[in-house]
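# Summary of the model geometry
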Amino acid sequence: MRMYDMIVKKRNGGELADQEIQAIIDGYVGGIIPDYQMSALLMAIYFQGMTNRELGTLTMAMAKSGDMVDLSSIDGIKVDKHSTGGVGDKTTLVLAPLVAACGGKVAKMSGRGLGHTGGTVDKMESIPGMRVEMDEQDFLRQVRKIGVSVIGQSGELAPADKKLYALRDVTGTVESIPLIASSIMSKKLAAGSDAILLDVKVGSGAFMKNIDDAHTLAEVMVRIGQHNGRRMKALLTDMDCPLGVSIGNALEVKEVIETLSGHGPSDLEHECVTMAAHMLELSNLGTYDACLAKAKQALFDGSALRKFQDMIIAQGGNGEVIYDTSLLPGATYTYDIKATKCGYIQHMQTEEIGLAAVQLGAGRATKEDTIDFGAGIVMAKKTGDAVQVGEILATLYANDESLFERAADVYVQALTIGADPVELQNPILGMV
Ligand code: URA
């Protein structure tokens, strides 16, 4: 079984056998297969695609290249969610305690932000004292005790993906649906949950810019999970406009607390209760309608907020933050962006808005950058809203005043204001 023969087989549209796929991953991670041969295979996959069986096997081989988290000491169905990333996407921090408050078990590993998208782990670190690194036994104990823990990726989760992603990045093979799907799902399979809800974001702030690609990606990921014995569902959600009204770490935590108190922005609340209901249904905790009612009740009766406080305290954070958000890091300076023309906001170029937040210090342009937890943007007007000249469109937050001018410029350029009213679509665009 020579790598050369497997490259030619895939190049010619053939189907790789399970043992061949396993040998490729073992050989590449073990340093026996060189980058130039792996690059050729990735390009062949880019053009020829992969069958469901090939993808199921590839993804599990990638998952098993490193640590596989064992959640079997936690009773019941463990449910995870994954978002393909967006601007203002703080759903994990709402969903994890919300689902746990309704009886679900959430043992979740999350990532950091890079570029225009934010990361859950960075948001959590803006809560004073909160730990995102935890020993595996403490992580499991916490979920057994309170039903929820969210931490950063620990150990070596899917090292094959790390190596392959770095190679794809420099060989023009990132934009391949089978390769994206296997990359995302290898980490999810390794993280050990029995059920996974995928949130595939679509639009100008998302990795997937159009609905057809997003639908295909969702279908492929669902099939990979099912092939490997996981209960799967995927939602396609709108990322053509930032989610909620806040972008930036501490600002988003404040919005999470408001949402868990039942006073969040309506788009965020709608998305969160919908996703929570699907996660609870995947956990066999009732019909979709019963789970939806349970999730809404948990926002209303304070149990979801209390669960968030339990999680903060269990991870060393200051639980008082849920009553007093001034304990979160703030910004010394604010700057209001005002409308210079009237009309309706037709569109928000969401990636650019994310980049404006990065310019204020709220995110990372490179992996090495540090984050200013207090920096960010609070939007007063979003797509569909009417604006008058002089009205505030958004308020920028920063600890360095000199950052405002450029960020404001980027923000304003990202908005399209026109005379016609805009009909808003349901942010849940589809389901697989
Ligand atoms: N996110 C991932 O984890 N992998 C990809 O290939 C693309 C996005």
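The structure presented is a predicted model; accordingly, all values stated were derived computationally and were not measured.

Attention now goes to the overall build of the protein. Each helix and strand counted, the protein has 16 helices and 13 strands in total. The C-alpha atoms of the protein give 22 Å as radius of gyration, which agrees with the globular expectation for 432 residues (22 Å, within 12%). Dimensions of the protein along its principal axes, counting C-alpha atoms only, are 70 × 45 × 40 Å. A sequence separation of at least 24 residues applies to 78% of the contacts in the protein between residues at least 6 apart.

Let us look at the sheet that holds strand β10 (residues 386-387). Here we have 3 strands laid out as an open sheet, ordered β10-β8-β12, and antiparallel in their pairing. The sheet is open, and its two edges are formed by β10 and β12 (415-418), each paired on a single side. Of the pairings in the sheet, the one linking strand β8 (residues 343-348) to β10 comprises 2 bridges and is antiparallel in character. Bridged to glycine 343 within β10 is valine 387.

Of all hydrophobic cores here, the largest spans 140 residues; its most connected members are Leu98, Val99, Ala181, Leu217, Met221, Ala276 and Leu396. Among the elements that take part in this core, helix α12 (residues 266-282) stands out by supplying 9 residues, more than any other. Every residue in contact with leucine 98, bar those within four places of it in the chain, is listed here: Leu260, Cys272, Ala276, Ala295, Ala298, Leu299 and Ala304.

Right, let's get into the site of the ligand. Near the ligand you find Tyr165, Ile180, Ser183, Ile184 and Phe207, and these make up its full shell. The leading source of residues in the shell around the ligand is helix α9 (residues 177-190), at 3 residues. Looking at the shell around the ligand residue by residue, the class counts come to 4 nonpolar, 1 polar and no charged.

One can describe the packing of helix α4 (residues 52-63) onto α9 by two numbers: an axis separation of 8 Å at closest approach and a directional angle of 50 degrees. Viewed along their axes, α4 and α9 adopt a mutual orientation that is oblique. The interaxial crossing formed by α4 with α9 has right-handed handedness. Along its contact with α4, which presents Leu55, Leu58, Thr59, Met60, Met62 and Ala63, the element α9 presents Pro178, Ala181, Ser182, Met185, Ser186, Leu189 and Ala190. A class-by-class count of the residues in the contact of α4 with α9 yields 10 nonpolar, 3 polar and no charged.

Here we come to the domain arrangement of the protein. Examined at the domain level, the protein breaks down into domain 1 (3-49), domain 2 (79-322) and domain 3 (330-418). Once you take the C-alpha centre of each, domain 1 and domain 3 turn out to be 45 Å apart.

The next thing to look at is the environment of histidine 278. Note on placement: histidine 278 falls in helix α12. Sequence-distant contacts of histidine 278, that is, excluding residues within four places in its chain, are made with Leu197, Lys233 and Leu235.

Attention shifts here to the sheet that holds strand β4 (residues 195-202). Overall, mixed pairing links the 4 strands, which are arranged β1-β4-β5-β13 in an open sheet. Both edges of this open sheet fall to β1 (79-83) and β13 (428-431), since each of them pairs with a single strand only. On average, each strand axis in the sheet is inclined to that of its neighbour by 20 degrees, with strand direction left out of account. Note: strand β5 (residues 231-238) against β13, 3 bridges, orientation antiparallel. Its bridge partner being in β13, leucine 235 is matched across the sheet by methionine 431. Sheet strands touched by helix α10 (residues 211-227): β4, β5 and β13. Its angle to β5, the strand with the most contacts, is close to 165 degrees.

Before going further, it helps to spend a moment on the UniProt feature "domain: Pyrimidine nucleoside phosphorylase C-terminal" (unreviewed entry) in the protein. Here, UniProt's "domain: Pyrimidine nucleoside phosphorylase C-terminal" (unreviewed entry) annotation points to residues 344-418. In this annotation, residues 344-418 is assigned 28% helix and 29% strand; the end-to-end C-alpha distance for the span is 5 Å.

What follows covers the pairing of strand β9 (residues 376-379). Where strand β6 (residues 246-247) and β9 come together, 2 bridges link them in antiparallel fashion. When the bridges of β9 are listed, serine 246 appears paired with valine 378.

With that out of the way, let us pick up the environment of leucine 305. Note on placement: leucine 305 falls in helix α14 (residues 303-314). For leucine 305 and aspartate 400, which are 95 residues apart along the polypeptide, the C-alpha to C-alpha distance reads 33 Å. With residues up to four places along the chain from it excluded, the contact list for leucine 305 reads Leu260, Ser261 and Ile322.

Quick notes on the rules
- Residues numbered from 1 in each chain as written.
- Predicted model: local features only at pLDDT ≥ 70, side-chain atom pairs only at ≥ 80, totals over all residues.
- Helix = DSSP H or I, 4+ residues; strand = E, 2+ residues; numbered from the N terminus.
- Rg over C-alpha atoms; globule rule 2.2 N^0.38 Å.
- Contact = placed C-beta atoms within 7 Å.
- Pairing = 2+ DSSP bridges.
- Core = buried A, V, L, I, M, F, W, Y, C linked by C-beta atoms within 7 Å.
- Buried ≥ 20, exposed ≤ 12 C-beta atoms within 10 Å, placed from the backbone.
- Near = placed C-beta within 6 Å.
- Nonpolar A, V, L, I, M, F, W, Y, C, P; charged D, E, K, R; others polar.
- Axes fitted to C-alpha atoms, helices over the stretch in contact; angles between N-to-C directions.
- Parallel < 35°, antiparallel > 145°, perpendicular 65-115°, else oblique.
- Left-handed = near helix turned anticlockwise from the far one by under 90°.
- Domains from an automatic or database assignment.
- UniProt positions renumbered as here; feature names shortened; annotations may be inferred.

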